[in-house]
Amino acid sequence: LPAEDLPRFDCDLNSWMTGQPAGEWRSLMLKYVDEAAQHFNASQNLKHKLPSDAARMYSLMWTTYRELLQTVTQNLDRVWQQRIRLPSIKKLKLYLSHAVTPWYRTLS
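Everything in this summary refers to the structure shown in the same document. Since we're looking at a predicted model, the values are computed, not measured. (Residues numbered from 1 in each chain as written. Predicted model: local features only at pLDDT ≥ 70, side-chain atom pairs only at ≥ 80, totals over all residues. Heavy atoms only, no water.)

## Some remarks on unusual backbone geometry
One non-glycine residue with positive phi stands out, namely Asp10, at about 60°. Inspection of the secondary structure puts Asp10 in the loop between α1 (5-8) and α2 (13-17). Take Asp10: its relative accessible area is 58%, and that puts it in the exposed class. (Helix = DSSP H or I, 4+ residues; strand = E, 2+ residues; numbered from the N terminus. Buried < 20%, exposed > 50% of the residue type's maximum accessible area, 1.4 Å probe, protein only.)

What follows is the structure, encoded as structure tokens:
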């Protein structure tokens, strides 16, 4: 995070680094989550410019990271307690939806 954002949101670097943030850290996190979501949305159509095999992999990665971002958004407090991961069943479903379905379905 840019150093100038911490004081702007009344966050202290030391408390941030120890995993016990103070101040408006939720607002700061949501600011960056929102920016990341905007970048994700803007990049979604890039897969249409890729060859089909690359588009399938791009779609899998894009969808996986979007799911992770949504999980972070819904569980902001958890980021300080544990690593955010997708459940294994969710990862399997994502993989199968891209590996087994016809290539053209992953492009929509």
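## Quick look at the environment of Thr18
Relative to the helices and strands, Thr18 resides in the loop between α2 and α3 (25-43). Thr18 gets classed as exposed once you look at its relative accessible area, which sits at 60%. Here the alpha-carbon distance between Thr18 and Leu68, two residues 50 residues apart in the chain, equals 23 Å. Polar contacts involving the side chain of Thr18 include one to the main-chain carbonyl oxygen of Ser15, which spans 3.0 Å. (Polar contact = N/O pair within 3.5 Å; in protein donor to acceptor, adjacent residues only side chain to side chain.)

## A short note on the pattern of salt bridges
For the structure shown, the criterion picks out five salt bridges. One salt bridge in this structure joins Arg8 and Asp5, with 2.0 Å as the shortest N-O distance. Taken together, the positions of Arg8 and Asp5, both in helix α1 and three residues apart, correspond to about one turn of that helix. Residue class for Arg8 comes out exposed when judged on its relative accessible area of 56%. Given the relative accessible area of 2%, Asp5 is considered buried. For Glu35, the salt bridge is made with Lys31, and the minimal N-O distance between the two is 2.7 Å. Placement of both Glu35 and Lys31 in helix α3 is noted, with a separation of four residues, approximately one turn of the helix. Taking relative accessible area as the criterion, Lys31 reaches 25% and is therefore assigned partly exposed. Salt bridges here are not isolated pairs; linked through shared partners, they connect Arg66, Glu67 and Lys90. (Salt bridge = Lys/Arg side-chain N within 4 Å of Asp/Glu carboxyl O.)

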